[in-house]
Number of protein chains: 2
Amino acid sequence: MAVPEQRTPIHSPTVSDVARRACVSRATVSRVLNRYPHVRSEVRARVERAMAALAYRPDAVARSLARRETRTLGLVVTDITNPFYAETAAAIVKTARTHGYTVILCDTDNIPELQAEYIEVLRQRRVDGIILGSVFLHDPAVERLIDSGMPCMLYNRRLRSGRGNYVVLDNLRAGRELTRHLLGLGHRCIGFIGTLAGLSSAAERRRGYRAALREAGVRPQPQFVHMRGVTPELAREAAREILALPDRPTAIVASSDRVALSVIEIAEEMGLSVPGDLAVVGVDNIPMAAHQAIQLTTVDQHLAEMGRLAVEGILDVIRDPERYRRSPLQQVLAPTLIVRRTCGALDPGAALRGRRLRLPAVHKGGSRG
Amino acid sequence: MAVPEQRTPIHSPTVSDVARRACVSRATVSRVLNRYPHVRSEVRARVERAMAALAYRPDAVARSLARRETRTLGLVVTDITNPFYAETAAAIVKTARTHGYTVILCDTDNIPELQAEYIEVLRQRRVDGIILGSVFLHDPAVERLIDSGMPCMLYNRRLRSGRGNYVVLDNLRAGRELTRHLLGLGHRCIGFIGTLAGLSSAAERRRGYRAALREAGVRPQPQFVHMRGVTPELAREAAREILALPDRPTAIVASSDRVALSVIEIAEEMGLSVPGDLAVVGVDNIPMAAHQAIQLTTVDQHLAEMGRLAVEGILDVIRDPERYRRSPLQQVLAPTLIVRRTCGALDPGAALRGRRLRLPAVHKGGSRG
DNA sequence: CTGAAAGCGCTTACAG
DNA sequence: CTGAAAGCGCTTACAG
């Protein structure tokens, strides 16, 4: 007859199996496993041989239960296909790995309700900490999470309450520098297209935009400002409206590179050349911004560093929650202006009214290659 | 004196706490938790009230240990900032969520050695299955993983051995259709720039490219074919060399949209207009390919569907590993040609030698919405 | 329909 | 330096 198949693979070896084979107790196996110092080297060697012979692979689930720590971080983003989140997620996973942590990726797909659902799932899974890439200025679910004592770290956006650990760009300054840059190029009619006023990032960039106008003695025009939502379609809609105005702006500050790309698309669709007829600047410095066919003037917010700081920060919080309970870890990164083609600064012919260029000291970006 | 602070939050409630409060056994609490049918409704209500009163949150780690299943999937990609992986990861996370599964994201950052390391970590964490976005044609670590019986699913690329469950694009057909399309536009001098010959995706696309040339009676020119590596810099290098040849090709088939974008950058740097002087086509249909300023002719490989199928497939495998042991689940998706600007087909003025256009029946792509 | 008991695979005081 | 025992928070036959 046929040889019976080997089904249900013999259960994988446990500490007990190793202990039996090495003629020691399970406690000793555990000590070897965890590089506990005081184990006789002869015993240690015997245990290690047994582990090798059995191809023993420790069960992290059991260890998590016993130690009450999972060495797992939850990462909640609104859209991993947004290069902003992809770049930060890469840095987060990488940094976590170097510290022996694993990352559960949660993507809300821009559906706000899913955030609370994911937070609940992560808490049931007993992650050691939660990193949130987007919160609303008013966000009860996140306030409750903070209240609960679960270590968490916000990045990119913060709460109006000012609570929580976070790492964000100095968004006000980013909006102000971009606007000043355009003012310096001679623009006086400058619009702003953002995502949502309920997000600190967009709201603060807009405040920076307004501040720069005010400082230059330019009166803000409310009809030049739109904050409709986060999808590309809404950004396009806003661009279409603003650019159809009889006295349309000669420059647009977009609250992100993605929004800026939508604006450029619509401008070209409407027969406006960029930067000839319309200057456009963004924020993020996503890879595409550097592309030859785009060359978007933007602000770099150092995404890899932001991701790294988020992880290193939350690991500190996990180690010593008390310490950060009353004085949260709040980091603000300085923006770096990257001057490229779409603002018109590099193409004197396109600069309006022949103003002399007065660039601030900036990193002139090319490819990020 | 000051009110003493509440530190180390009283340990979160367990089944025992709920059981005590509801005056039932822990087994009964567990039954209610798992919607076990035969529980008296009065008892069920009492337990539910107790859970609510205590804000009980089941411990998924303990449950995993007891049930020997984690409802967690591992996802290993080479670079989450590559839109291909970001798009598929989004679909994978989304599909997993609807089935109650969570996803651990592993990003090897294109460092091959990290793949084996991540696989080991995932196995220790006792994930129920592993999804791999990239394998080499010759990949011993993955062969061993398959041997081990751990449920796994490859996507995008497969093994030369043909083993394993996978969902891939019909890459040969994709390469062939793109090349035929260019041949149909009059091109006879067509180059191919791929990533690595050791990856099934690029290798099969190149085979399709060769097949199309052969079928058209065009002799393949080895100096027009480059497969150097996966980074943008290597793609640029290859483009620079091929386009500097005295008898440079009039069209390039790139093995991915990212490679195509690099080729376009170099072409423009060298003063060649696209598609006037050089037609370029890619594969993937990443969001950027649709952008106004690019309009890349490409092949859609239905990334969201690929991700969804990968998850649904691996869940089937997890449910019934025996069934797929001998006849693996292997799915091949049909490519969809998306004709845009960069091939020159939409701009008769740019079509070489005034050939009459003979487009295959295709989905003419615009924006992806 | 419900409970007592054993078990999942580790870790960790506590003795010695 | 090492072992016996208890415990982490669940689930699951097995009785009744």
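Since the model is a prediction, treat every value here as computed from it, not as a measurement.

Thoughts on the overall build of chain A
Step number 1: Check the secondary structure of chain A and you find 13 helices and twelve strands.
Step number 2: The globule rule puts the C-alpha radius of gyration for 369 residues at 21 Å, and the 27 Å found for chain A is more than 25% above it.
Step number 3: Seen through its C-alpha atoms, chain A measures out along the principal axes to roughly 85 × 55 × 40 Å.
Step number 4: Here chain A, with 369 residues, has 53% of them falling under the buried criterion.
Step number 5: Contacts spanning at least 24 positions in sequence make up 70% of the contacts within chain A whose residues lie at least 6 apart.

Details of the domain arrangement of chain A
Step number 1: What the domain assignment lists for chain A is domain 1 (15-58), domain 2 (68-169 + 304-333) and domain 3 (171-301 + 335-358).
Step number 2: If you average the C-alpha positions of domain 1 of chain A and of domain 2 of chain A, the two centres end up 37 Å apart.

Some words on the confidence of the model for chain A
Residue and element names in this part refer to chain A.
Step number 1: Confidence in the prediction for chain A averages 90 pLDDT; 91% of positions are at 70 or higher.
Step number 2: Ignoring residues within four places in sequence, the model shows residues 1-9, a span with pLDDT below 50, making three contacts including any to other chains.
Step number 3: Confidence drops under a pLDDT of 50 for residues 350-369, and excluding neighbours within four residues, the segment shows 44 contacts in the predicted structure.

Quick word on the sheet that holds strand β7 (residues 225-227) of chain A
Residues and elements named next belong to chain A.
Step number 1: Within the open sheet, the four strands sit side by side as β7-β6-β8-β9. Their pairing is parallel. Only two strands of the sheet have a single partner each, and these edge strands are β7 and β9 (279-281). Each neighbouring strand pair of the sheet contributes to a mean axis angle of 15°, computed without reference to strand direction.
Step number 2: Pairing of strand β8 (residues 251-254) with β9 involves three bridges; the strand directions are parallel. Paired with I252 across the bridge in β9 is V280.
Step number 3: Across the sheet, helix α8 (residues 171-184) is in contact with β6 (190-194), β8 and β9; its angle to β8 comes to roughly 170°.
Step number 4: Contacting β6, β8 and β9, helix α11 (residues 257-269) runs over the sheet at an angle of about 160° to β9.

Re the relation of the copies chain B and chain A
Step number 1: The operation relating chain B to chain A is a screw motion whose rotation component is 180°, with 0.0 Å of axial translation and a residual RMSD of 0.0 Å. Such values leave the two copies arranged in the relation of a two-fold axis. Within chain B, I104 of chain B has its C-alpha nearest the rotation axis, a separation of 2.2 Å.
Step number 2: Interface residue correspondence from chain B to chain A reaches 100%, placing this contact among same-surface, isologous pairings.

Side note on the state of the cysteines
Residues and elements named next belong to chain A.
Step number 1: Under the counting rule described, the total for this entry stands at zero disulfides over all chains.
Step number 2: No disulfide involves C106; its sulfur sits 14 Å from that of C152, the nearest cysteine.
Step number 3: You can call C106 buried: its relative accessible area is 2%.
Step number 4: Considering cysteine sulfurs only, C343 is the nearest to C189, which forms no disulfide, with 18 Å between them.
Step number 5: Residue C189 is classed as partly exposed on the basis of its relative accessible area of 24%.

Comments concerning helix α4 (residues 60-67) of chain A
All names here are of chain A.
Step number 1: Listed in full, the buried residues belonging to α4 are A60, V61 and S64. All buried residues of α4 lie within an arc of 105° about the axis, which places them on one face of the element.
Step number 2: Where α4 begins, the side chain of D59 points an oxygen toward the backbone nitrogen of V61, at a separation of 2.7 Å.
Step number 3: Two residues or fewer past α4, R68 is found with a positive phi of approximately 55°.

Here's the deal with the pattern of salt bridges
Step number 1: Applying the stated criterion across every chain, the model contains 46 salt bridges over all chains.
Step number 2: Across the salt bridge formed by E143 of chain A and R163 of chain A, the nearest N and O atoms sit 2.9 Å from each other. In this pair, E143 of chain A is assigned in helix α7 (residues 140-148) and R163 of chain A in the loop between β4 (152-155) and β5 (165-169), connecting sequence segments 20 residues apart.
Step number 3: Judged by its relative accessible area of 30%, R163 of chain A is partly exposed.
Step number 4: Where E69 of chain B meets R71 of chain B, a salt bridge forms, and the shortest distance between an N and an O atom there is 3.0 Å.
Step number 5: In this structure E69 of chain B comes out as partly exposed when scored by relative accessible area, which is 26%.
Step number 6: Among the charged side chains, a network of salt bridges with common partners joins R40, E42 and R46 of chain A.

Some remarks on the protein's contact with DNA strand C
Step number 1: In the vicinity of DNA strand C there are 27 residues, among which V15 and S30 of chain A together with T28, R31 and V43 of chain B approach most closely.
Step number 2: Near-protein atoms of DNA strand C (within 4 Å) split between backbone and bases, with sugar and phosphate holding 65%.
Step number 3: H38 of chain B is positioned such that a nitrogen or oxygen atom in its side chain is 2.8 Å from a phosphate oxygen of DNA strand C.
Step number 4: Those elements that place two or more of their residues in the surface near DNA strand C are α2 (26-33) and α4 of chain A together with α2 (26-33) and α4 (60-67) of chain B.
Step number 5: For the surface near DNA strand C, the class distribution of residues is twelve nonpolar, six polar and nine charged.

Some remarks on helix α5 (residues 83-98) of chain B
Residue and element names in this part refer to chain B.
Step number 1: Between its first and last C-alpha atoms α5 spans 23 Å; for 16 residues at 1.5 Å apiece the expected length is 22 Å, and the two agree.
Step number 2: Buried within α5 are the following residues: F84, Y85, A86, E87, T88, A89, A90, A91, I92, V93, T95 and A96.
Step number 3: Of the residues one or two after α5, G100 is the one with positive phi, at around 80°.

Describing the sheet that holds strand β7 (residues 225-227) of chain B
Residues and elements named next belong to chain B.
Step number 1: Here we have four strands laid out as an open sheet, ordered β7-β6-β8-β9, and parallel in their pairing. Only two strands of the sheet have a single neighbouring strand rather than two, namely β7 and β9 (279-281). Between one strand axis and the next, the sheet turns by 15° as a mean value, whatever way the strands run.
Step number 2: Relative to strand β8 (residues 251-254), helix α8 (residues 171-184) is tilted by about 170°, and along the sheet it contacts β6 (190-194), β8 and β9.
Step number 3: Where helix α9 (residues 200-215) meets the sheet, it contacts β6, β7 and β8, and its direction lies at approximately 170° from that of β6.

As for the nonpolar core
Burial of nonpolar side chains together is a common tendency in soluble globular proteins.
Step number 1: Formed by 146 residues in total, the largest nonpolar core has its most connected members in I130, I131 and Y155 of chain A together with I130, I131 and Y155 of chain B.
Step number 2: By residue number, the principal contributor to this core is helix α12 (residues 303-319) of chain B, which donates eight residues.
Step number 3: With near-sequence residues (within four places) excluded, Y155 of chain B lies in contact with L75, V77, F84, Y85, T88, I92, I131, L132, G133, S134, V167 and M306 of chain B.
Step number 4: In this structure, A293, I294 and L296 of chain A together with L272 of chain B belong to the second largest nonpolar core, which totals 50 residues.

Some remarks on unusual backbone geometry
All names here are of chain A.
Step number 1: Cis geometry is found at the peptide bond from V274 to P275, where omega equals 5°.
Step number 2: Position of P275 relative to the elements: it lies in the loop between α11 and β9.
Step number 3: Although it is not a glycine, A55 sits at a positive phi angle of roughly 55°.
Step number 4: With respect to the helices, strands and loops of the structure, A55 is situated in the loop between α3 (41-54) and α4.
Step number 5: Residue classification places A55 among the exposed positions, given a relative accessible area of 54%.

Definitions and cut-offs
Residues numbered from 1 in each chain as written. Chains lettered and ligands numbered in written order. Predicted model: local features only at pLDDT ≥ 70, side-chain atom pairs only at ≥ 80, totals over all residues. Heavy atoms only, no water. Helix = DSSP H or I, 4+ residues; strand = E, 2+ residues; numbered from the N terminus. Rg over C-alpha atoms; globule rule 2.2 N^0.38 Å. Buried < 20%, exposed > 50% of the residue type's maximum accessible area, 1.4 Å probe, protein only. Contact = heavy atoms within 4.5 Å. Domains from an automatic or database assignment. pLDDT = per-residue confidence, 0-100. Pairing = 2+ DSSP bridges. Axes fitted to C-alpha atoms, helices over the stretch in contact; angles between N-to-C directions. Least-squares fit on C-alpha atoms with pLDDT ≥ 70 in both. Disulfide = S-S within 2.5 Å. Arc of directions from axis to C-beta. Polar contact = N/O pair within 3.5 Å; in protein donor to acceptor, adjacent residues only side chain to side chain. Salt bridge = Lys/Arg side-chain N within 4 Å of Asp/Glu carboxyl O. Near = heavy atom within 4 Å. Nonpolar A, V, L, I, M, F, W, Y, C, P; charged D, E, K, R; others polar. Expected span 1.5 Å × (residues − 1). Core = buried A, V, L, I, M, F, W, Y, C linked by side-chain atoms within 4.5 Å.

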